[in-house]
Amino acid sequence: VQLVESGGGMVETGGSLQLSCVASGFDFKAHYMTWARQRPGQRPERIASIDWNGEQADYADSVKGRFTITKDNTNNHLFLDMTDLKPEDTGLYQCAKGYGSSDEIDGIVYWQWDRLGQGTQVTVTS
């Protein structure tokens, strides 16, 4: 399994970016896919997931209405369109196979996925 992200960069507050992830080594069209974000000094968090055929998506409250996740099963690509970016969106964005599972320990949520890519860095300046 290989997940390779691209599209990150530095952008001003209010700007937009599109992230891409190319998947290989598994049946992409049969799996949920997720974008995770790791802010500096924090654990990765799930911010957007999409079902196997790309028809249903759900988002973390922090990005709802600003980010859109899409899935291209023909070319094994996952995308994240990000608009109205804010400084708190700064972090390492990683593509993940599956929806993921979570545990809460002492008030901290820990997410896990079958596989996580190396990520692409997004920095939003104020």
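Residues numbered from 1 in each chain as written. Predicted model: local features only at pLDDT ≥ 70, side-chain atom pairs only at ≥ 80, totals over all residues. Heavy atoms only, no water.

(A) Structural view of the state of the cysteines. Scanning the entire structure with this criterion turns up one disulfide. Shown here is the disulfide that connects Cys21 with Cys95, its sulfur atoms set 2.2 Å apart. The chirality of the disulfide connecting Cys21 with Cys95 is left-handed, given an S-S dihedral of about -75 degrees. Of this pair, Cys21 sits in strand β3 (residues 17-24) while Cys95 is found in strand β9 (residues 91-97), placing the two residues 74 residues apart along the sequence. Cys21 sits in the buried class, given a relative accessible area of 0%. Residue Cys95 is classed as buried on the basis of its relative accessible area, which comes to 0%. (Disulfide = S-S within 2.5 Å. Helix = DSSP H or I, 4+ residues; strand = E, 2+ residues; numbered from the N terminus. Buried < 20%, exposed > 50% of the residue type's maximum accessible area, 1.4 Å probe, protein only.)

(B) Broad picture of a nonpolar patch on the surface. A cluster of nonpolar side chains, contributed by Tyr32, Trp52 and Tyr99, occupies part of the molecular surface with about 320 Å² of accessible area. Along the chain, Tyr32 falls in the loop between β3 and β4 (33-38). (Patch = residues over 30% accessible without salt bridge, like charges linked within 9 Å, V, L, I, M, F, W, Y side chains within 5 Å. Areas by Shrake-Rupley, 256 points an atom, 1.4 Å probe, with all protein chains shown as cover. Salt bridge = Lys/Arg side-chain N within 4 Å of Asp/Glu carboxyl O.)

(C) Layout of unusual backbone geometry. In the Ramachandran plot, Asn76 falls in the positive-phi region, its phi being about 55 degrees despite a non-glycine side chain. Inspection of the secondary structure assignment puts Asn76 in the loop between β7 (67-72) and β8 (77-82). For Asn76, a relative accessible area of 22% translates into the label partly exposed. Here the phi dihedral of Asp106 falls at roughly 55 degrees; this positive angle occurs in a residue that is not glycine. Relative to the elements of secondary structure, Asp106 occurs in the loop between β10 (101-105) and β11 (108-112).

(D) Here's a closer look at the nonpolar core. Formed by 25 residues in total, the largest nonpolar core has its most connected members in Trp35, Leu78, Leu80, Met82 and Tyr93. If you list the elements that add at least two residues to this core, you get β3, β4, β5 (45-50), β7, β8, β9 and β13 (120-125). When residues of this core are assigned to their parent elements, the largest contribution, four residues, is made by β3. (Core = buried A, V, L, I, M, F, W, Y, C linked by side-chain atoms within 4.5 Å.)

(E) Region of the structure containing the environment of Lys71. In this fold, Lys71 is placed in strand β7. Not counting chain neighbours up to four residues away, the residues in contact with Lys71 comprise Phe28, Lys29, His31, Met33, Ile50, Asp51, Trp52, Gly54, His77 and Leu78. For Lys71, the side chain forms a polar contact with the main-chain oxygen of His31, separated by 3.3 Å. A polar contact is formed between the side chain of Lys71 and the backbone oxygen of Trp52, at a distance of 2.7 Å. (Contact = heavy atoms within 4.5 Å. Polar contact = N/O pair within 3.5 Å; in protein donor to acceptor, adjacent residues only side chain to side chain.)

In short, geometric facts, not functional conclusions.
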